[in-house]
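Observations on the model geometry
Spelled out from the first residue to the last, the chains are:
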Amino acid sequence: MKTTVAAPDASFLSTISDQLLGLVNRVQEDVARYADTEVGQSGGGFVIYYLTDENGEPLKDVTAMDLGASLKDIVATRGFQQLREYCEARDLKVRIDEHFYANDPRPTKIYRVIVDGWQPGPSA
């Protein structure tokens with residue numbers, strides 16, 4: 001007997017893709033804001049964004065799994081691809097990680113979008 005895997009919910013992935021597309025303008029503004037500040041380790045900085053669910057709460061991996069989606073599916077969205085292209089064109093790095101959130105009622109992680117790799121500006 002073959003086991004079939006359901007395709008991820010297209011509407012869910014479209015919503016996540018749109019969130020990621022929306023980060024392009026925010027990245028530009030946030031990097032400009034923080035590039036000249038002395039925050040974190042000398043030699044670079046980072047910004048973190050959280051993907052959110054339909055209620056504006058941090059998007060949990062268990063929610064995505066319930067909709068048939070994984071981190072791999074999220075990274076494959078058009079929104080993430082465009083965000084990555086935007087960042088790479090500016091010598092920035094972008095990644096999505098799963099960050100521990102809670103153990104109760106079951107082990108849960110939330111999705112964070114991390115942009116880093118810029119060098120401090122002249123005033124740093």
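In short, a report on the structure. This is a predicted model, so every value here is computed, not measured. (Residues numbered from 1 in each chain as written. Predicted model: local features only at pLDDT ≥ 70, side-chain atom pairs only at ≥ 80, totals over all residues. Heavy atoms only, no water.)

Regarding the pattern of salt bridges
Considering all chains together, one arrives at four salt bridges under this definition. The salt bridge involving Arg95 is made with Asp116; its shortest N-O contact spans 3.1 Å. A residue pair is termed long-range when its members are at least 10 positions apart, and Arg95 in strand 2 (residues 93-102) and Asp116 in strand 3 (residues 108-118) qualify at 21 residues. (Salt bridge = Lys/Arg side-chain N within 4 Å of Asp/Glu carboxyl O. Helix = DSSP H or I, 4+ residues; strand = E, 2+ residues; numbered from the N terminus.)

Description of the environment of Ala35
Along the chain, Ala35 turns up in the loop between helix 1 (10-34) and strand 1 (45-50). As for Ala35 and Trp118, which are separated by 83 residues in sequence, their C-alpha atoms are 7.1 Å apart.

What about the side chain of Thr77?
Structurally, Thr77 can be placed in the loop between helix 3 (71-75) and helix 4 (78-89). Side-chain polar atoms of Thr77 contact the backbone nitrogen of Phe80, separated by 3.2 Å. (Polar contact = N/O pair within 3.5 Å; in protein donor to acceptor, adjacent residues only side chain to side chain.)

Comments concerning helix 1
Taking 1.5 Å as the rise per residue, helix 1 with 25 residues should run 36 Å; its terminal C-alpha atoms sit 35 Å apart, in good agreement. At Asn25, helix 1 shows its strongest bend, of approximately 35 degrees. Contacts from the buried residues of helix 1 go to strand 1, helix 2 (61-66), helix 3, helix 4, strand 2 and strand 3. Two or three places before Ser11, at the opening of helix 1, Asp9 has a side-chain oxygen 3.1 Å from that residue's backbone nitrogen. (Expected span 1.5 Å × (residues − 1). Bend = angle between axes of the 7 residues up to and from the residue. Contact = heavy atoms within 4.5 Å.)

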